[in-house]
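So you can see what is in the structure, the chains are spelled out below.
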Amino acid sequence: MSRSPVTDLYRIDDMLTAEERAARDLVAGFIDRDYLPKVGRWFRDGKFPMEVVPTLAEMGVFGAPLPTEYGCAGMNNVAYGLILQELERGDSGLRSFASVQTSLCMYPIWQFGSEKQKRRWLPEMAKGRAIGCFGLTEPDFGSDPGGMRTRARKDGEHYVLNGSKTWITNGSIADVAIVWAKVDDGDSKSIRGFLLEKGMPGFTAQDIHGKFSLRASFTSELSFQDVRVPAANLLPGVQGLRGPLSCLNSARAGIAFAVTGAAIACFEGAREYALSRQMFGKPIAGFQLTQEKLADMLQEIVKAQLVSLRLGRLKDEGKVTPEQVSLAKRNNVKAALEIARSARSIFGANGITDEYPAIRHMLNLESVFTYEGTHEVHTLILGKAITGLDAFGG
Amino acid sequence: MKILVTAKRVEDYESKIKVKPDGSGIFLEGLKYKINPFDEIAVEEGLRLAAKHGGEVVVASVGGKEVQEQLRHALAMGAHKAVWVNHAGPLDQLGVAGLLAKVCEQEKPDMAILGKQAVDDDQNQVGQYLAELLGWGMATFASKVESLESDAEKAKAPGLAVSADGKAVRVVREVDGGLDTLDVQLPAVVTTDLRLNQPRYASLPGIMKAKSKPIAELTPAGLGVDVTPKLTITKMAAPPARKAGIKVPDVATLVEKLKSEAKVV
């Protein structure tokens, strides 16, 4: 189920290995058969479809790039990016679930966890029997995580956590939360990651309501009131902001790949609609204004795919830098958002309903534009890389 | 038990097929390919039988090197090994059956399960030829009594029931107006209908494992089969395009047209 020759104008398919194509086509088949027919309803009802989790787990989507010894598929980063692209072609909420599970939870446990923590969590998370979430952002600290207020105070063989986190995907359904906190009133260098388990006294999660974006996904606030966490639940392998930032870097690379899926869904849907929708006695695809929109969309999709493919290859070669990730996330999310808006306009009035995919993707991408490093933060990361001057403080 | 299944490479039924103006074939540019859906059902059935009774599933295909993609797909679903008959030239159904018969002689399966037909040329011949060439019993259009939504389906139980002594297989066939139940002595050829099972998704670990599963390469010459086609396609034509419907102003005109033009009332 490779892309149609119209969408794959640059034959990017030919640049993929047989396994990479097979991985993509596997997930694409699931999305077409089992997800897309129902997503409009899930989005409308503001519900993440838990029933798809076992199927995705059986296919090996969770933790796909992690090694087989922990029950994962051991795919490369390009294959994983393509998997995310197809999930996002379904809905960004579904892809966010997989990104959080894999890049923000399984990845840090694998990278920074003890062998015991890995053995306990990774196979269960790969099977979808344990769901994870990632707590970094706080009500007052988003782009500036170093200012976080959540504290962990050492008390014998335990740490006592106090504070709160917000905008946490999967928060209310998670069995394990990776929570980043400053230890013993230290500065950002004292930040450590803790594995908080569902049901620990003082640890609660509440969903955020009133969202107009990522409706087919749970977004929550976490709160910690004197939560006693065994010292064995601390991630031993990392200290300071490097921990959470390396997770984000891994997730952001996936997002750069993923959003092309939303863009493709919007482009292909809009093209099909424009070819069938008649106005003034001919298909609206025959009008120059529509053709310009479609040409702009395809051009941006081709560029975004080439950037993310190169980024995936660099990651697989171990050469990727945060600046490269920032450029890809910044370019691709912006492009996808504009494609979704443009597609919405081709669908006309029909485009504002959930019968057609454009407005759902458009609303979702507003979140993606802001999360995982806002568009603005990525601008500053690139600005610093270009000039050597740090503009984060203003 | 050992089961041989097939994996023909066919044009994706979701592709737009266009016939060349001179009728010599179809435009291949931009076409997508996948495993013949009936063969995918055969692979699934083979896997379920192997899971229930023990044994292995061998998947076979004939074609140029591109058919390895379909073999890998079956391997990723769980087939144990693959046989690829490398032949890029023209083939007819008897040629394919001749090659598969030789493969069966080498592999000695207890059962060969094939799609009842391929969705590209819809010939519905290879399974029948194969049974004839091998002198095996045959049951075509295997279906299943239980609904696909049943618990049994969910448990991925095979739709083909092997007898307790392992010497026969019971096949339920859909025929006009009912079901036909056959017991066929093994070894046998079974061809699958649409409602035998719902093929599983492959898995990402399966795709990775498929990389290291063996694909044995054979050739028609090596197997001693002359595949010179006895059947040639002389012309292809697209079905006539449907005419646009018309709108009638009132019921009276509709009834009049149903009488005079459609002649149905």
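Values in this document were obtained by computation on a predicted structure and should not be read as measured data.

Conventions adopted
Residues numbered from 1 in each chain as written. Chains lettered and ligands numbered in written order. Predicted model: local features only at pLDDT ≥ 70, side-chain atom pairs only at ≥ 80, totals over all residues. Heavy atoms only, no water. Helix = DSSP H or I, 4+ residues; strand = E, 2+ residues; numbered from the N terminus. Buried < 20%, exposed > 50% of the residue type's maximum accessible area, 1.4 Å probe, protein only. Contact = heavy atoms within 4.5 Å. Areas by Shrake-Rupley, 256 points an atom, 1.4 Å probe, with all protein chains shown as cover. Buried area = accessible area lost by both parts, 1.4 Å probe. Salt bridge = Lys/Arg side-chain N within 4 Å of Asp/Glu carboxyl O. Polar contact = N/O pair within 3.5 Å; in protein donor to acceptor, adjacent residues only side chain to side chain. Nonpolar A, V, L, I, M, F, W, Y, C, P; charged D, E, K, R; others polar. Axes fitted to C-alpha atoms, helices over the stretch in contact; angles between N-to-C directions. Domains from an automatic or database assignment. Patch = residues over 30% accessible without salt bridge, like charges linked within 9 Å, V, L, I, M, F, W, Y side chains within 5 Å. Pairing = 2+ DSSP bridges.

Student: Provide a residue-level description of the overall build of chain A, including the pertinent values.
Tutor: Check the secondary structure of chain A and you find ten helices and nine strands. A burial count over chain A gives 56% of its 394 residues as buried. A fraction of 74% describes how many contacts in chain A between residues 6 or more apart in sequence connect residues 24 or more apart. Summing over all exposed atoms, chain A offers an accessible surface of approximately 16,100 Å²; the carbon and sulfur share of this is 53%.

Student: Just give me the short version of the environment of B:A97, but keep the residues and values in it.
Tutor: All names here are of chain B. Take A97: it is sitting in helix α3 (residues 93-107). Judged by its relative accessible area of 0%, A97 falls in the buried class. Between the C-alpha atoms of A97 and E132, which are 35 residues apart in sequence, the distance is 9.3 Å.

Student: Requested: an account of the interface of chain A and chain B, with residues and values cited.
Tutor: Counting residues at the interface gives 22 residues for chain A, matched by 14 residues for chain B. Summed over both partners, the interface of chain A with chain B comes to about 1,600 Å²; 65% of that surface belongs to carbon and sulfur atoms. At the boundary of chain A with chain B, the tally comes to zero salt bridges. Our enumeration of links across chain A and chain B arrives at three residue pairs in polar contact (both at pLDDT 80 or more). Secondary-structure elements contributing two or more residues to the side of chain A that touches chain B are α1 (18-45) and α2 (53-59) of chain A. Take the side of chain A that touches chain B: its biggest share by element is eight residues, from α1(A). Considered class by class, the residues forming the side of chain A that touches chain B number twelve nonpolar, five polar and five charged.

Student: Can you tell me about the pattern of salt bridges, naming the residues and giving the values?
Tutor: Any two side chains of opposite charge can pair, on the condition that their charged atoms come close. Residues and elements named next belong to chain A. One pass over the structure, following the stated rule, counts 39 salt bridges over all chains. A salt bridge links K165 to E138; its shortest N-O distance comes to 3.0 Å. Of this pair, K165 sits in strand β3 (residues 158-169) while E138 sits in the loop between β1 (132-135) and β2 (151-155); the two residues are 27 residues apart in sequence, bridging distant segments of the chain. A relative accessible area of 1% places K165 in the buried class.

Student: How would you summarise the packing of helix α3 (residues 77-90) of chain A against helix α4 (residues 92-112) of chain A if you had to cite specific residues and measurements?
Tutor: Interaxial distance between α3(A) and α4(A) falls to 7 Å at its minimum, and their mutual angle equals 150°. Residues A:Y80, A:L84, A:L87 and A:E88 of α3(A) touch α4(A), and the partners they reach there are A:S92, A:L94, A:R95, A:A98, A:S99, A:T102 and A:S103.

Student: Run through the domain arrangement of chain A, naming residues and quoting values.
Tutor: Residue and element names in this part refer to chain A. Looking at chain A, the domain boundaries give domain 1 (5-131), domain 2 (133-233) and domain 3 (242-387). Centre-to-centre separation of domain 1 and domain 2, based on C-alpha positions: 24 Å. Tallying the contact residues gives 28 residues for domain 1 and 19 residues for domain 2. Note on domain 1 versus domain 2: buried area summed over both sides is about 1,900 Å², and carbon and sulfur give 66% of it.

Student: Any details on the side chain of B:Q117? Residues and values, ideally.
Tutor: All names here are of chain B. Assignment of secondary structure puts Q117 in the loop between β6 (111-115) and α4 (126-134). Overall, the relative accessible area of 19% leaves Q117 in the buried class. A distance of 2.8 Å separates a polar atom in the side chain of Q117 from a polar atom in the side chain of D122. Residue contacts for Q117: discarding those within four places in its chain leaves N36, F38, D122 and N124.

Student: Quick one: what's the story with a nonpolar patch on the surface, residue by residue and with numbers?
Tutor: Together, A:L9, A:Y10, A:M15 and A:L306 give the surface a local cluster of nonpolar side chains, amounting to about 400 Å² of exposed area. Tracing the chain through its elements places A:L306 in helix α7 (residues 288-316).

Student: I'd love a proper account of the pairing of strand β9 (residues 168-175) of chain B, names of residues and values included.
Tutor: Residue and element names in this part refer to chain B. Looking at chain direction, strand β7 (residues 137-143) and β9 are connected through two bridges and run antiparallel. Counted as the bridge partner of A142 is R173 from β9. Connecting strand β8 (residues 161-162) to the antiparallel partner β9 that follows it, the hairpin turn spans five residues, and G166 within it adopts a positive phi of roughly 75°. Pairing of β9 with strand β10 (residues 178-185), which is carried by eight bridges, proceeds in the antiparallel orientation. Each bridged residue has a counterpart across the sheet, and for V172 the counterpart in β10 is T181. A loop of two residues connects β9 with β10, the two strands running antiparallel in sequence, and G177 in this loop sits at a positive phi of about 80°.

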